[in-house]
Amino acid sequence: PGEGPIWLDDVTCEGSEAALELCPAHTWGQHNCHHGEDAGVVCAGKDRCVPPQVRLVNGSSRCMGRVEVLHKRRWGSVCDDTWDMADAQVICRSLGCGTALAAPGHARFGRGPDPIWLDGTHCTGEELTLAQCHLHTWGEHNCGHSEDAGVVCSGELRWGQRGSGGVRCAQVE
């Protein structure tokens with residue numbers, strides 16, 4: 001069983017949805033279940049169904065902070081070398097946090113611990129997740145943690161609310 005908050009309950013997908021957030025469910029964070037009922041997924045094919053997981057840390061809300069990505073079961077930071085508003089918009093959208101207001105660099109939300117996973121990230125701003133952006137090789141970078149990228153988003157969208165790009169929800173961890 002899992003631990004921590006339970007974010008979704010009574011998710012009723014038909015099977016034709018392109019993403020979990022397009023399935024009907026209870027309001028984000030409202031549930032009447034326990035971790036003994038946690039759901040799981042078995043994917044067909046190597047690395048095909050789980051995009052890089054993203055979180056924002058050291059901010060005053062879950063919708064602002066230093067960008068961290070999960071790779072090989074370790075959280076690491078993103079270098080700010082090419083970090084811009086388009087990249088920030090993708091992060092905000094994927095986390096259900098509205099639109100990007102700022103894409104601060106220079107470790108504005110503190111220096112992250114090793115590793116630095118990504119450098120040279122290029123998003124158009126239209127992608128639904130970071131996995132759809134052009135990403136350099138994981139773990140290859142020419143920066144230090146003084147260049148950790150951050151994001152400030154407009155705020156949290158609730159399940160079923162429409163944001164730019166359609167229905168979105170917060171990250172499922």
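As the structure is a computational prediction, the values presented were derived from the model and not from experiment. Counting restarts for each chain: residues are numbered from 1 in the order of the written sequence. Local features in this predicted model are restricted to residues whose pLDDT is 70 or higher, and side-chain atom pairs enter the listing and the counts only when it is 80 or higher, whereas totals over whole chains, interfaces and linings include all residues. The side-chain values count all of the structure's non-hydrogen atoms but skip hydrogen atoms and water molecules.

Engineer: With reference to specific residues and values, describe the overall build of the protein chain.
Structural biologist: Runs of H or I in DSSP of at least four residues are treated as helices and runs of E of at least two as strands, each being numbered from the N terminus. Regarding its fold elements, the protein chain presents one helix and eight strands. Secondary structure elements of the protein chain occur, N-terminal to C-terminal, as β-β-β-α-β-β-β-β-β. The 173 residues of the protein chain split such that 41% are buried. Throughout, a contact is declared for two residues whenever any of their heavy atoms are within 4.5 Å. Across the protein chain, contacts joining residues at least 24 apart in sequence account for 67% of those joining residues at least 6 apart. With the model as given, the accessible surface of the protein chain reaches about 9700 Å², and the carbon-plus-sulfur share is 49%. Exposed residues in this analysis have more than 50% of their type's maximum accessible area, buried residues have under 20%, and partly exposed residues fall in between, with area computed by a 1.4 Å probe over protein chains only. Surface exposure here means Shrake-Rupley accessible area, sampled with a 1.4 Å probe, where a residue is shielded only by the protein chains that are shown.

Engineer: How would you sum up the nonpolar core? Please name residues and give values.
Structural biologist: Definition used in this section: a nonpolar core is a set of buried Ala, Val, Leu, Ile, Met, Phe, Trp, Tyr and Cys residues joined via side-chain atoms within 4.5 Å. The biggest cluster of nonpolar side chains holds 22 residues, and the ones touching the most others in it are Val67, Ile91, Leu130 and Val151. Counting only elements with at least two residues in this core, the list comes to strand S1 (53–57), strand S2 (64–71), helix H1 (85–94), strand S5 (116–118) and strand S6 (150–153). The element that contributes the greatest number of residues to this core is H1, accounting for four residues. Among all residues touching Val67, those that are not within four sequence positions of it are Val54, Arg55, Leu56, Gly76, Ser77, Val78, Trp83, Ile91, Ala149, Gly150 and Val151.

Engineer: How would you summarise unusual backbone geometry if you had to cite specific residues and measurements?
Structural biologist: The residue after Asp114, namely Pro115, is reached through a cis peptide bond having omega 5°. On the secondary structure map, Pro115 appears in the loop between strand S4 (100–102) and S5. The backbone phi angle of Arg73 is positive, close to 65°, even though this residue is not glycine. Note on placement: Arg73 falls in the loop between S2 and strand S3 (74–78). The phi dihedral of His106 falls on the positive side, at around 50°, and the residue is not glycine. You can see His106 is positioned in the loop between S4 and S5.

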